[in-house]
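# Descriptive structure summary
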Amino acid sequence: MSAATKSSGASESLRALVRGRLFWPLVTLALLLLFNLVFNAHFFSITVRDGHLYGSLIDILNRAAPLMIVAMGLTLVIATHGIDISVGAVVAISGAVAATLIGGQLSPGGGAPEAAGYPMPLVILAALGVAMALGMWNGALISFFGMQPIIATLILLVAGRGVAQLITDGQIITIYHTPYFFIGNGFLAGLPFSLFIVSAVLLLLLVLTRRTALGLFIEAVGLNPVAARFAGVRARAITFWAYAFCGLCAGIAGLIISSNVKSADGNNAGLLFELDAILAVVLGGTSLNGGRFTLVGSVLGALIIQTLTTTIYSVGVPPEVTLVVKAAVVFLVSILQSDRVRDRITSMARLGEAL
């Protein structure tokens, strides 16, 4: 093989790498980690206490867990050319249901907490069942009644926050049942238990979408639902269950968050969570136009957002500047992720080779 052929092959591989949807998210995450390596000496420090790992990296993974889960559910919705801006409200409702059923009372005299009002498995199933039912509500409005996704989920965005406050009676419900804390604060094999939940959801979705025809069906619905129906794809059913699963993911996130803070706040829990979730999906390389999607990219997008937030706070950036810095990074990565910019970069690379 000649040197020219090898050089041409290497160039093609490099162009394919740059055009890959995971390239820029990985570069962005690597740059954030490099920045912390230079300016934050203790960022990569990990200590072991009682067999558990602690440190900034562990905190980022743990705190990003709810966002990663919601982003994965939202990825399926966006892949069908839909959107769900009600996930934050569903997060609040899930936590409120769980806290109400668990009970938030101390024993008389302020001693040890009383037993949970209902068995914890039943509490978890109830909270997740309500969350999935809300996702099915969105899916039914969109799939079977033809309502626009932004309008259907806006209804739940507004009403859901009110429902969460009705469940909590407008108060912050403190949870005292210790076993419940394990969901968001527990450790397994030295790592936060929430990471195992994320891994389980990701593995399930990868198997369903990459080892079966479901992934192709979702992409077909997102690209052209009419053509998909003519091809025999049950477009309405796929859209319906995509929203149902997105609601379930929001419910899981609500359990993790309420367990982590040991309370349920119907007013503030999950507030603006849908914006971070959408950003995570877009940063990960999934197009809002529907069609091809990447679950791993959405997980990376959530990690970028949480790493960026942690980095901003750790270097002492004033709070009023935080959102501006965050928006600038998101803007830059989103521009680099656009098909037009990636095509321009590829064209410039080919021109450079020709010269």
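See the structure printed just above.
Residues numbered from 1 in each chain as written. Predicted model: local features only at pLDDT ≥ 70, side-chain atom pairs only at ≥ 80, totals over all residues. Heavy atoms only, no water.

### Describing the overall build of the chain
Test applied: The helix and strand labels rest on DSSP assignments: H or I over at least four residues marks a helix, E over at least two residues marks a strand, and numbering proceeds from the N terminus. Whether two residues are in contact is decided by their heavy atoms: any pair within 4.5 Å suffices. A 1.4 Å probe and the Shrake-Rupley method give the accessible areas. Residues count as covered only by the protein chains that appear here.
Check the secondary structure of the chain and you find 15 helices and six strands. Within the chain, counting contacts between residues at least 6 apart in sequence, those at least 24 apart form 77% of the total. When the accessible surface of the chain is summed, it comes to about 17,400 Å², and 68% of that surface belongs to carbon and sulfur atoms.

### Here we look at the environment of P192
With respect to the element layout, P192 can be found in strand β5 (residues 191–192). Put simply, P192 and A65 are 127 residues apart on the chain and 9.6 Å apart in space, counted from C-alpha to C-alpha. Other than its neighbours up to four places away in sequence, P192 contacts I58, N62, G186 and F187.

### Thoughts on the nonpolar core
The criterion, for reference: Side-chain atoms within 4.5 Å link the members of a nonpolar core, which is a set of buried Ala, Val, Leu, Ile, Met, Phe, Trp, Tyr and Cys residues. Burial classification: accessible surface area is computed with a 1.4 Å probe over protein chains only, and a residue below 20% of its type maximum counts as buried, one above 50% as exposed, and the rest as partly exposed.
Core analysis: the largest hydrophobic core is formed by 85 residues, its most contacted members being M68, I69, M72, L74, L76, Y180 and I252. Among all residues touching I252, those that are not within four sequence positions of it are I69, L128, I197 and V201.

### Some details on the packing of helix α4 (residues 87–102) against helix α5 (residues 120–143)
Definition in use: Axis lines are fitted to C-alpha atoms, over the contacting stretch for helices. Their N-to-C directions set the angle, which ranges from 0 to 180 degrees. An angle below 35 degrees is read as roughly parallel, one above 145 as roughly antiparallel, one from 65 to 115 as roughly perpendicular, and any other as oblique. Take the far helix as your reference; a near helix turned counterclockwise from it by less than a right angle gives a left-handed crossing, and one turned clockwise gives a right-handed crossing. Throughout this entry, Asp, Glu, Lys and Arg are counted as charged residues, while Ala, Val, Leu, Ile, Met, Phe, Trp, Tyr, Cys and Pro are counted as nonpolar. The remaining residues, Gly among them, count as polar.
The N-to-C vectors of α4 and α5 enclose an angle of 155 degrees; their axes lie 9 Å apart at closest approach. Considering their axes alone, α4 and α5 lie roughly antiparallel with respect to each other. Every pair of crossing elements has a handedness; the one defined by α4 and α5 is right-handed. Facing α4, whose interface residues are V90, I93, S94, V97, A98, L101 and I102, α5 presents M120, V123, A126, A127, V130, A131 and L134. Tallied by class, the residues present in the contact of α4 with α5 amount to 13 nonpolar, one polar and no charged.

### Quick notes on unusual backbone geometry
In this model, H81 sits at a positive phi of 65 degrees, which is unusual for a non-glycine residue. Along the chain, H81 turns up in the loop between α3 (56–79) and α4.

### Considering the packing of aromatic side chains
Convention followed: Pairing of aromatic rings covers Phe, Tyr and the six-membered ring of Trp, with a centre-to-centre limit of 6.5 Å; geometry is then stacked below 30 degrees between planes, edge-to-face above 60, and tilted otherwise. By the criterion adopted, a ring carries a charge over it if an Arg CZ or a Lys NZ lies within 6 Å of its centre and within 35 degrees of its normal.
Overall, the coordinates contain six aromatic pairs when judged by the stated rule. Centroid distance F35 to F39: 4.6 Å. Interplanar angle 35 degrees. Geometry classified as tilted. Placement of the pair is F35 and F39 together in helix α2 (residues 23–39), with a separation of four residues, close to one helical turn. Residue F39 is classed as exposed on the basis of its relative accessible area, which comes to 57%. Both rings, one in Y54 and one in F187, keep their centres 5.3 Å apart while their planes meet at 50 degrees; by these two values the pair is tilted. With Y54 in strand β2 (residues 52–55) and F187 in strand β4 (residues 187–188), the pair connects residues that are 133 residues apart, well separated along the chain. Here the aromatic cluster, defined as three or more aromatic residues joined through ring pairs, consists of F144, F240 and W241. When the ring centre of Y54 is taken as reference, the NZ or CZ atom of R49 above it lies at 4.2 Å. Lying over the aromatic face of F181, K262 brings its terminal NZ or CZ to 4.8 Å of the ring centre.

### Section: the pairing of strand β1 (residues 46–49)
How we decide: A pair of strands is labelled paired if DSSP reports no fewer than 2 bridges between them.
In this structure, β1 lies alongside β2, joined through four bridges in antiparallel fashion. For R49, the partnering residue across the bridge sits in β2 and is H52.

### Let's talk about the environment of F193
Following the sequence through the fold, F193 ends up in helix α8 (residues 193–210). Spatially, the C-alpha atom of F193 lies 9.7 Å from that of A65, the residues being 128 residues apart in sequence. In this structure, F193 is in contact with F182, I183, G186, F187 and L188, ignoring residues within four places of it in sequence.

### Regarding the packing of α5 against helix α11 (residues 235–261)
Axis separation between α5 and α11 bottoms out at 7 Å; the angle between their running directions is 145 degrees. Both α5 and α11 take part in a crossing whose hand is right-handed. Note on element contacts: α11 touches α5 through R236, T239, F240, W241, Y243, A244, G247, L248, G251, I252 and L255, opposite I124, A127, L128, A131, M132, G135, M136, N138, G139, A140, I142 and S143. When grouped by side-chain class, the residues that make up the contact of α5 with α11 number 15 nonpolar, seven polar and one charged.

### Some remarks on α11
To keep things clear, this is the line we draw: How far a helix is expected to stretch is found by multiplying one less than its residue total by 1.5 Å.
The end-to-end C-alpha separation of α11 is 39 Å, in line with the 39 Å expected for 27 residues at 1.5 Å each. Along α11, 21 of the 27 residues are buried, which leaves the element largely enclosed by surrounding structure. Looking one or two places after α11, you find K262, whose phi comes out positive at around 60 degrees.

By themselves, these figures tell us nothing about what the structure is for.
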